[in-house]
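# Close look at the chain arrangement
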Amino acid sequence: MPLKHDSAEKHVTGEAVYIDDIAVQEGLLVGRVVYSPHARARILSCDLEAAKKIAGVHAVLAAKDIPGHNQMGPVVKDEPCLAEVEVTFIGQAVVLIAAETEEQCRQAEKLIRISYEPLEPILDIESAIAKDTLLGPQRTMNRGDATEAMKSAPHVIRGELCTGAQEHWYLETQSCLCVPGEASEMMVYSSTQHPSETQALVAEVLDLRRNDVVVEVRRIGGGFGGKETEGNHTACWAALLAHATGRPVKIRLFRADDMIMTGKRHRYLIRYEAGFDNDGKLEAVKLEFNSDGGAATDLSFAIMERTMLHADNAYYVPNMSIVARVLKTNLPSNGAFRGFGGPQAIAAMETIIDRIARILRKDSADVRFMNFYGIDSRNVTHYGQTVENNPLFMLYERIMQSSDYVKRREAAAAFNVSHEFVKRGIAMTPVKFGISFTTTFLNQAGALVAVYLDGTVLVNHGGIEMGQGLNTKMQSIAALEFGIHPSAVKVNATNTSKVPNTSATAASAGADLNGMAVRNAAIAIKERVAEGVAQLFSEQYPGVPSVKQHIVFVDGRISDAQHPDRTIAFADAMVQMNLRRISLSASGFYSTPNIGWDKIKGWGKPFHYYAFGMAVTEVEVDLLTGHHVIIRTDILHDVGDSLNEPIDLGQIEGGYVQGLGWCTTEEIRWDAKGNLMTHSPDTYKIPGVRDIPMDFRVQLLKEVPNPETIRNSKAVGEPPFMLALSAWLAIKDAVSAVRNHEVEPDFAIPATNELIVMSVEKLRNLCDA
Amino acid sequence: MRYTAVDSCLVFLPMVHGKQIITVENLMDADGSLHPVQQALVDTYGSQCGFCTPGIVMTLFALYKSGHTPTRTEIDDALVGNLCRCTGYRPIVDAGLALAVHTDRKDKFSRTEEETIVLLRQIKHESIRYESCNQLYHRPATLHEALVLRRNSLDALVVSGGTDVALRVTKKHELLPEILDLSAIPELKEVVSSSESIVLGAGLSLNDVRPAVRISFAALAEMLDVFGSKQIRNLGTLGGNLGSASPIGDSLPVLMAYGAIVRVMNCDGTRDIPITEFITGYRTTACRPDELITSVILPRPSASVIVRSFKISKRQDLDISTVSAGFAVQLDKKNCVETCILAFGGMAAQTKRAVSVEKFLAGKNWTRDVVEQAASIVKNDFSPITDARAGADFRLIAARNLILKFWISTQQG
């Protein structure tokens, strides 16, 4: 029986504690952030005096009041904590207020006088390209000679693809509670995916040493990458106010403020050129990726790197040439979001395949199949990593059969012949997703495991529970290691004083890295306990002594496998070990083996392994309204030996549905001045219960263990997101039926009903011409 | 005993007077065992990050207390108002389906229901007036009291369900100095059905309107099916939707198509105003400062009239229309248009009829060619705007398409 989510009972009873639920004894102040109303402007003056006089207001701070560094960039130091001389996007923090009530904060805010000199902003990728506002150097990646190969290719296509921004819409908005301790200590309760970085940045803005700052995270109400770096901002603001007032300060962003102030998934403008033979086999692909980095660097280059490394998706491209640029615009700095640049790259490659099929009048699934990475040949990526243990053909065979793809495609075609205003479309898309941080040193994790004398175990690890079931997986890993019932294992809140210097819980690697660290800690304890118990048995049973190599931890007991009568209950053994002065706690550490690559050359092995999946989605589109329904989705996904099947299914379904949002209804609009127009749930539409497939069939690929990972499992957080591209291309397939698949429809992400209707309109006007 | 799920952020405190409030913290039994809906969500892995879970628990709880086994459609209908960013909803729907095993619907509330009813009955149904240093809140218990209050406090903001006004407090952080709350007036919640018409009390919740109009005014019922969410419809009222006169006003175009009449009342008497005259501009109506909307009269259409409603929105549920429409057409024996009403929301500063299209169609043969020609001139009737929801171009094409879609629907019986 797989374990239930370790917080499930607390979730359903409302007992689960999030930042806003933490009880503060007394003196709590509310923090508020005053942000820039201009996309780009010089700050001429800033008068805070009147605001400071409001009753109940305890601090009003500007950049000059920051005791340490006014800097929060995670990689490049280009992101001030509070704007000082200029503002570079609407929503950029300029002033902080702490007051006894929210209302007093708002009153004070109205009295703050900041005078700005507005400057011309850059608000879209095209303008940024025209003005060449790069956030950093352009990067390239090449294999073979794409230019030459393109010349000799029988067919060449060129095109552009725009992919939209996406708001994380974690249910818990950015939140932090800071409680000053004695002397300069600061306790930080933050909704962050990266507590060690939050700790570092709080120390830097306050000019403290890191051993004075503790960050603790019980759980976060959703992250999806949106709290990998953005959580730091709220934490630093709350810390500054707590430091200035000497009182606990909580900041919980209102939804609209959160949406206005924080970064999103990068918009991309992608230009592609692909050469292929008469069968549809790729001979050369050239890609130009332009991403909207926003006003600061954040993780944009790591994200672009993953884009470059996923431009192939699941296909062998003998000649590949990639140019990648991150552009600076006057919008909030964009950052991590589930998929981390992968979705945009894969959308581009799948668009190419889809177009090839339309041009050659072939089934796109056949074109995909013929271009898959091979098992023994055609199996090296454009950056030199061999695709090992490739399950693509197995996945293909099984999903094509289980989804009844061929028959349903025929049925959809027949339906389209008899329906003028409603069309059906179907598409199969694969995903191959590299698992590991591409910045190699980040692939490390730590854990601290304690066993108590009643036989219970407390696990600390460096990962963050954000709903993905990480703690549940850690609980079962520890229980299996110690051979005890999972109910005897508790996973603690993540705390930087227990497990230091951790990497973010990101890159889908949370369970891979922390699971191994927990296991290693447990093994260290078991080593000592085995030795102690062997001694104990040897004393109790004179004659043949027990040896530690034969001591086993099974069913809540510790026993000598060679002498089954020599056995002791786990808890009793712990008491005995304590009497023998044997340490019952240990830290564990793990670093991913055998990875590394040359970033400059773009060659090597950035990934420990790949996760794979495939989806078949069928949709019905109302051409007059642009509304679509997903008739059926089949997913077959590879998670190795699952650590917890229902939890992994939840990641796959949830990832797919979040991907659906990106591909269909989640549209972000800014006005001509850079104001976010879609800053609330009434204008920004994440999928609801009736947007999911009417028939949703998700299966795990069984009996394909993943070597060299925790319990032969595979990461699952991000890869399924990209399977939603099957829905996107199914919609395109339906639209394309308007002209009997003879014309390439205008298409982009998201395919909103507006885009669909306009695309159909264009196709219809062609018909009439 | 009736249990309804509502969005707490849309409820002013005085509105809950006389009611039992049940929150997620209440559901567990005294012995610590989970309520069946809680257990179902645990069993199906229906929570991931858990932040949306309390709302989902309460939605399913209300469904559980509805007294019958919910179908998938009813489960979806109930959950439309709950957003979850983690699960993809499938396990949550499964939790809803799993409730079918509890055929007796017993829980800790059913065991004490009789006592609860006794306690609730002890709370007198009476007018309430709350006053603080900067706010005045009236909650009259009779229509007469309400009309007197309306006359004496012309500046008071009239609130019926509160779903629109509450956002001014929770989102815009406004202080509303004086509120006249009509949610406790039984006279405003009546349905009077006759052979000529159906009269819907202005205070009926949109959810209560749905079954009342399902058979005779199906196009209105269908519009209400995709109006907000169940939690919003449990609060929001028809009168409120009319009174706020939103330019989109999901229900307004279809009410126009039915030729609805808005009845308003003051201390001196009543006036009946055709809905097209009632809506006078961007969020303005013909309702005078001393008047209240008391009911909406829907004349029963003759059998030869075909009425349909359409809604185009980015997301089909829990979304404000990009374009909404209510259409009616009456055809004579020669398939010619006798009368037609083509009302749109989202196309102008107020909900409005496509007058030139209607004029074009009058007397013409109701054929695809004619309708397509007619639809193409809809651009003469409107100059929509580009906003957060969609572009002006799309709105015009969508409006045109909806007219064609209407014609298609008339060909399918």
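### Brief notes about the overall build of chain A
A tally of helices and strands in chain A yields 19 helices and 29 strands. Expected size for 769 residues packed as a compact globule is a radius of gyration near 27 Å; at 28 Å, chain A falls within 12% of this value. A buried classification covers 65% of the 769 residues belonging to chain A. If you take every contact in chain A between residues at least 6 apart in sequence, the share linking residues at least 24 apart comes to 80%. Roughly 26,600 Å² of accessible area belongs to chain A as shown, and the carbon and sulfur atoms make up 51% of that amount. The positive charge centre, built from 76 side chains, and the negative charge centre, built from 94, are 1 Å apart in chain A.

### Concerning the interface of chain A and chain B
Interface size, as often reported, equals the accessible area lost upon joining of the parts. At the interface, 71 residues of chain A touch 63 residues of chain B. Summing both partners gives a buried area of about 5,700 Å² for chain A against chain B, and 59% of it is carried by carbon and sulfur. Of all residues in chain A, the largest losses of buried area upon contact with chain B belong to V12, V689 and R690 of chain A, amounting jointly to 14% of the total for that side. In this assembly, chain A and chain B are joined by 8 salt bridges. The closest approach of N and O atoms between E420 of chain A and R368 of chain B, which form a salt bridge, is 2.5 Å. At the junction of chain A with chain B, the criterion picks out 32 residue pairs in polar contact (both at pLDDT 80 or more). For the side of chain A that touches chain B, the elements supplying multiple residues, two or more each, are α1 (8–13), β28 (628–637), α17 (645–663) and α19 (753–768) of chain A. Broken down by element, the side of chain A that touches chain B gets its largest block of residues, 8 residues, from α17 of chain A. Looking at the side of chain A that touches chain B, its residues break down into 29 nonpolar, 23 polar and 19 charged.

### Digging into helix α9 (residues 300–309) of chain A
In terms of residue burial, α9 of chain A counts as a mostly covered element, since 8 of its 10 residues are buried. Along α9 of chain A, the residues that are buried comprise S300, I303, M304, E305, R306, T307, M308 and L309 of chain A.

### Concerning the pattern of salt bridges
This model, assessed by the stated rule, comprises 77 salt bridges over all chains. A salt bridge links E481 of chain A to K526 of chain A; its shortest N-O distance comes to 3.0 Å. On the criterion of sequence distance, the pair formed by E481 of chain A in helix α14 (residues 470–482) and K526 of chain A in helix α15 (residues 510–540) is long-range, its members being 45 residues apart. Note on E481 of chain A: relative accessible area 9%, which makes it buried. For K526 of chain A, a relative accessible area of 17% corresponds to the buried category. The salt bridge involving E667 of chain A is made with K314 of chain B; its shortest N-O contact spans 2.9 Å. Here K314 of chain B lies in the loop between β12 (305–312) and β13 (323–331) and E667 of chain A lies in the loop between α17 and β29 (695–700), a pairing that spans two chains. Summarising the burial analysis for this pair, E667 of chain A and K314 of chain B share the class buried.

### Focus on the sheet that holds strand β27 (residues 609–622) of chain A
Residues and elements named next belong to chain A. The 4 strands lie next to each other as β16-β27-β28-β29, forming an open sheet whose pairing is mixed. Edge positions in the open sheet fall to β16 (422–435) and β29, since each of these has one partner strand only. Sheet twist, expressed as the average angle between the axes of neighbouring strands with direction ignored, equals 15 degrees. Pairing of β16 with β27 involves 14 bridges; the strand directions are antiparallel. Its bridge partner lying in β27, M428 is registered against V616. Its contacts with the sheet put α17 on β27, β28 and β29, and the angle it makes with β29 is roughly 130 degrees.

### A closer look at the domain arrangement of chain B
By domain assignment, chain B separates into domain 1 (19–121), domain 2 (128–181), domain 3 (187–299) and domain 4 (305–411). Computed over C-alpha atoms only, the centres of domain 1 of chain B and domain 4 of chain B are separated by 41 Å.

### Let's talk about unusual backbone geometry
Of the consecutive residues I749 of chain A and P750 of chain A, the connecting peptide bond is found in the cis state with omega at 5 degrees. Take P750 of chain A: it is sitting in the loop between α18 (725–736) and α19. A positive phi angle, close to 55 degrees, is found at F340 of chain A, a residue other than glycine. Within the element layout of this structure, F340 of chain A appears in the loop between β15 (319–328) and α10 (342–360). Non-glycine residue L318 of chain B carries a positive phi angle of around 45 degrees.

Each value, and the rule that gives it
- Residues numbered from 1 in each chain as written.
- Chains lettered and ligands numbered in written order.
- Predicted model: local features only at pLDDT ≥ 70, side-chain atom pairs only at ≥ 80, totals over all residues.
- Heavy atoms only, no water.
- Helix = DSSP H or I, 4+ residues; strand = E, 2+ residues; numbered from the N terminus.
- Rg over C-alpha atoms; globule rule 2.2 N^0.38 Å.
- Buried < 20%, exposed > 50% of the residue type's maximum accessible area, 1.4 Å probe, protein only.
- Contact = heavy atoms within 4.5 Å.
- Areas by Shrake-Rupley, 256 points an atom, 1.4 Å probe, with all protein chains shown as cover.
- Lys, Arg positive; Asp, Glu negative; His and termini not counted.
- Charge placed at Lys NZ, Arg CZ, Asp CG, Glu CD.
- Buried area = accessible area lost by both parts, 1.4 Å probe.
- Salt bridge = Lys/Arg side-chain N within 4 Å of Asp/Glu carboxyl O.
- Polar contact = N/O pair within 3.5 Å; in protein donor to acceptor, adjacent residues only side chain to side chain.
- Nonpolar A, V, L, I, M, F, W, Y, C, P; charged D, E, K, R; others polar.
- Pairing = 2+ DSSP bridges.
- Axes fitted to C-alpha atoms, helices over the stretch in contact; angles between N-to-C directions.
- Domains from an automatic or database assignment.

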